[in-house]
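Coordinates in review
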Amino acid sequence: MNGNRFWPFPSESDSVLCPVGVLDRDRGLPTAGGRRIVIVGGVAGGATAATRLRRLDEYAEIILLERGDTISHATCGLPYYLGGVIERRESLLLQNPDSLRRRYRIDVRVRHEVLRILRDAREVEVRNLQSGEIYHLGYDHLILATGAAPVRPSIPGADLDRVFTLRSLPDIDRIMRAATASPGGRAAVVGGGFIGLEMAENLARRGLQVTLIEAADQVLPPLDREMAALVHNHLRQNGIDLRLRETVTAFEPGDKGSLVLCLRSGAILSADLAILAVGIRPEVQLAAEAGLALGPRGGVLVDENLRTSDPHISAVGDVAEVPGLQGGTAWVPLAGPASRQARLTADRLGGLPVRYRGAQGTGIVQILGLTAAFTGRNEAALRNQGLPFHSVIITANSHVGYYPGACPITLKLHFAPDGKILGAQAVGADGVDKRMDVLATALRLGATVDDLADLELCYAPPYSSPKDPVNILGYVAGNVLRGERMVDWRQVMSRDPASTVLLDVREESERQADRIEGSIHIPLNQLRERLSELPRDREIIVYCAVGLRGHIALRILEQNGFRVANLSGGLRIYAAVREDMKHTDPAVGYCM
């Protein structure tokens, strides 16, 4: 990334490494033996940077300052501890101060809060939260790994005892006590992102009745609308009371220590506890007060070397706004990118020629036995950027159908007119992680849809099919690039019957179970003999269950002179959106 698009980043000639030797004793710097690297914050970013630095430089003085009680805990595992999947609290503690001191000779100072960054003096002002002492600590290089904090909206009553946010071990301890005190009770989760969904799942696993409240028209914003519909229907089928386009206007005390939630729609809910999971924001106060540049997404802006606008300060993890793999900047508050950024920062300080190649936004979440995953840009991002693109949706089994346990996976791919992969999404019960990892790798390496078709992936009956779902995705996308016309569920819902005909090519038994209103029916195996029943002055939109028979019908009709398109994803996707729409507040309506 060219940093000059945002501000004059330090040039490559600007030194970020202080020479080893005698330094300024008055500033508290070492007089011999190496540089002093001060790291603010632990967990994935800070702890990774500290340990990697030590492996590269045995003589550097490394000081890790953490205002909390622990320096490395598994934040992503907290919901699963609540649900009992992770049984022992100690399992969440990945490193402790003593182990870092003994193995890595790192000066770990827990319950030490950095109050200010004094850039001109190259010092931080620190408060010892146990003694109250305030002292200044000099640094040669400073690494900010302050992370992100939950957003606590200014809702009346949000500070009540039974309204919680989740970030740390003490947070999950408080939630655990409240949930344990309310067996079989009710819980409300406000927010349908990663944390909200994971908390809803694990509260339900504990036996609580869960209401999930989301202000938008869908959960998981990285998913496109129809992919989110698959998740919505699964939540409802598993007993989650899903309230979309709804917000909490107030929390009030209820009877016997319960909560009352007042909703925008006028509804009133009673709950024994509530989780606020409406989002997180980077903790940039220290950086902002020190005058470091912030990015358009609110993080501390860094260049491809993870350097801030001050060459002696780096930022990694949830606090950092990094170069985007597909252009611009990205804020990706996930543990994987945080660890990678921390390692590269340590590598650079250790003298290795490395750079961060950009974040692409790859994520995955488990939801009551279902998995949803994504990588790259979604439909909304592509439209907002004005980029031309095509999309296809397929559903294929996780492995061959004759081997027990096969589960359907729905995959969606966005790709450019030249075939380059722009983004992908997947929803299914099994095998989603494997396919999304392949697609994320393909995107990072600049692959095209034809490359997906060419991939030689593992096959044996328990694991996949001779044509893996990723290969099939490449075949279908390649067909579109070569002229095959596809329409999506929106186009079918808004179609003009005067200019289009909707043709169902499934079997009669399938049609009896479900159909799209207004469609005519000719089973695929009868299509060639019944072409005379179809008009030639209107476009024919064919559909089947998931799109395969629709493709075969399209090929037959095209070669017989008809204008034809296939419904992407078939009735499975159309019906999922239609079912989801039934639950939309009729006073609000549904936004196409």
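Residues numbered from 1 in each chain as written. Predicted model: local features only at pLDDT ≥ 70, side-chain atom pairs only at ≥ 80, totals over all residues. Heavy atoms only, no water.

A separate point is the overall build of the chain. When helices and strands are tallied, the chain shows 16 helices and 33 strands. Since a compact globule built from 592 residues should have a radius of gyration of about 25 Å, the 27 Å found for the chain is in line with a globular shape. By the burial criterion, 54% of the 592 residues in the chain qualify as buried. Accessible surface computed for the chain: about 25,500 Å², of which carbon and sulfur atoms make up 50%. (Helix = DSSP H or I, 4+ residues; strand = E, 2+ residues; numbered from the N terminus. Rg over C-alpha atoms; globule rule 2.2 N^0.38 Å. Buried < 20%, exposed > 50% of the residue type's maximum accessible area, 1.4 Å probe, protein only. Areas by Shrake-Rupley, 256 points an atom, 1.4 Å probe, with all protein chains shown as cover.)

Further remarks concern unusual backbone geometry. Although it is not a glycine, Val43 sits at a positive phi angle of roughly 55°. Tracing the backbone shows Val43 in helix α1 (residues 43–56). Classification of Val43 as partly exposed rests on a relative accessible area of 27%. Of note in the backbone geometry, Arg111 takes a positive phi value of approximately 55° without being a glycine. By the element assignment, Arg111 lies in the loop between β5 (107–110) and β6 (112–118). Judged by relative accessible area, Arg111 falls into the partly exposed class, the value being 28%.

Strand order in the open sheet formed by five strands is β5-β2-β1-β9-β21, with parallel pairing between adjacent strands. Each having just a single partner strand, β5 and β21 (313–315) make up the two edges of the open sheet. On average, adjacent strands in this sheet sit at an angle of 15° to one another, irrespective of strand direction. (Pairing = 2+ DSSP bridges. Axes fitted to C-alpha atoms, helices over the stretch in contact; angles between N-to-C directions.)

Our next topic: the packing of aromatic side chains. Under the counting rule described, the total for this entry stands at one aromatic pair. Between Phe194 and Phe374 the ring centres are 5.8 Å apart and the planes differ by 40°, which places this aromatic pair in the tilted class. Of this pair, Phe194 sits in helix α5 (residues 194–205) while Phe374 sits in strand β25 (residues 370–376), and the two are 180 residues apart along the sequence. Between the NZ or CZ atom of Arg536 and the centre of the ring of Phe562, over which it lies, the distance is 4.0 Å. (Phe/Tyr/Trp six-rings, centres within 6.5 Å; stacked < 30°, edge-to-face > 60°. Lys NZ or Arg CZ within 6 Å of the ring centre and 35° of its normal.)

Bringing a positive patch on the surface into the picture now. Together, Arg55, Arg340, Arg343, Arg357 and Arg444 give the surface a local cluster of positive charge. Mapping Arg340 onto the fold places it in helix α8 (residues 335–349). (Patch = residues over 30% accessible without salt bridge, like charges linked within 9 Å, V, L, I, M, F, W, Y side chains within 5 Å. Salt bridge = Lys/Arg side-chain N within 4 Å of Asp/Glu carboxyl O. Lys, Arg positive; Asp, Glu negative; His and termini not counted. Charge placed at Lys NZ, Arg CZ, Asp CG, Glu CD.)

With that settled, the discussion passes to the sheet that holds strand β8 (residues 134–138). Spatial strand order, β6-β7-β8: three strands in an open sheet with antiparallel pairing. Only two strands of the sheet have a single neighbouring strand rather than two, namely β6 and β8. Strand-to-strand twist of the sheet, defined as the mean angle between neighbouring strand axes without regard to direction, takes the value 30°. Relative to strand β7 (residues 123–128), β6 is paired through six bridges, and the arrangement is antiparallel. Residue pairing in the sheet places Ile117 in a bridge with Val124 of β7.

The next thing to look at is the packing of α1 against α8. Contact pair α1 / α8: the axes reach a minimum separation of 8 Å and the direction vectors enclose 30°. Here α8 runs roughly parallel to α1, going by the angle between their axes. Considering how the two elements wind past one another, α1 and α8 form a crossing that is right-handed. Contacts between α1 and α8 involve Ala44, Gly45, Thr48, Ala49, Arg52, Leu53, Arg55 and Leu56 on the former and, on the latter, Ala335, Ala338, Ser339, Ala342, Arg343, Ala346, Asp347 and Leu349. Broken down by class, the residue content of the contact of α1 with α8 amounts to nine nonpolar, three polar and four charged. (Parallel < 35°, antiparallel > 145°, perpendicular 65-115°, else oblique. Left-handed = near helix turned anticlockwise from the far one by under 90°. Contact = heavy atoms within 4.5 Å. Nonpolar A, V, L, I, M, F, W, Y, C, P; charged D, E, K, R; others polar.)

If you look at the biggest cluster of nonpolar residues, it comprises 56 residues, and the most contacted ones within it are Ile172, Ile175, Leu203, Val231 and Leu273. Setting aside anything within four residues of it in sequence, one finds Ile172 in contact with Leu78, Tyr81, Leu82, Leu166 and Met199. Membership of the second largest hydrophobic core comes to 31 residues, among which are Tyr135, Leu144, Val319 and Val332. (Core = buried A, V, L, I, M, F, W, Y, C linked by side-chain atoms within 4.5 Å.)

For helix α12 (residues 469–481), which comprises 13 residues, the first-to-last C-alpha distance of 18 Å matches the rise-based estimate of 18 Å (1.5 Å per residue) to within 8%. Where α12 is concerned, the buried positions are Pro469, Val470, Asn471, Leu473, Gly474, Val476, Ala477, Gly478 and Val480. Buried residues along α12 sit in contact with β26 (390–397), β27 (408–415), α10 (432–444), α11 (449–454) and β29 (486–487). A distance of 2.9 Å separates the backbone nitrogen of Val470 from a side-chain oxygen at the start of α12, and that oxygen is part of Asp468. Trailing α12 by a residue or two, Gly483 shows a phi angle of about 110°, which is positive. (Expected span 1.5 Å × (residues − 1). Polar contact = N/O pair within 3.5 Å; in protein donor to acceptor, adjacent residues only side chain to side chain.)

Let us look at the confidence of the model for the chain. In this model, the chain carries a mean pLDDT of 91, and residues with pLDDT of at least 70 account for 93%. Every residue in residues 587–592 scores below 50 in pLDDT, and together they form 13 contacts with partners more than four places removed in sequence or on other chains. (pLDDT = per-residue confidence, 0-100.)

On the surface, Tyr402, Tyr403 and Tyr459 cluster together to form a nonpolar patch covering roughly 350 Å² of accessible area. With respect to the secondary-structure elements, Tyr402 resides in the loop between β26 and β27. Classification of Tyr402 by relative accessible area gives exposed; the value is 61%.

Considering all chains together, one arrives at zero disulfides under this definition. No disulfide involves Cys458; its sulfur sits 19 Å from that of Cys407, the nearest cysteine. (Disulfide = S-S within 2.5 Å.)

Below, the discussion takes up the pairing of strand β30 (residues 500–504). Burial analysis of β30 places five of its five residues in the buried class, the great majority of the element. In β30, alternate side chains face the same way, and those of Thr500, Leu502 and Asp504 on one face and Val501 and Leu503 on the other are all buried. Bridge count between β30 and strand β32 (residues 539–543): five bridges; the pairing is parallel. Bridging across to β32, Leu503 finds its partner in Val542. Pairing analysis gives two bridges linking β30 to strand β31 (residues 520–521), with the strands arranged parallel. In the strand pairing of β31, Leu503 is matched with Ile520.

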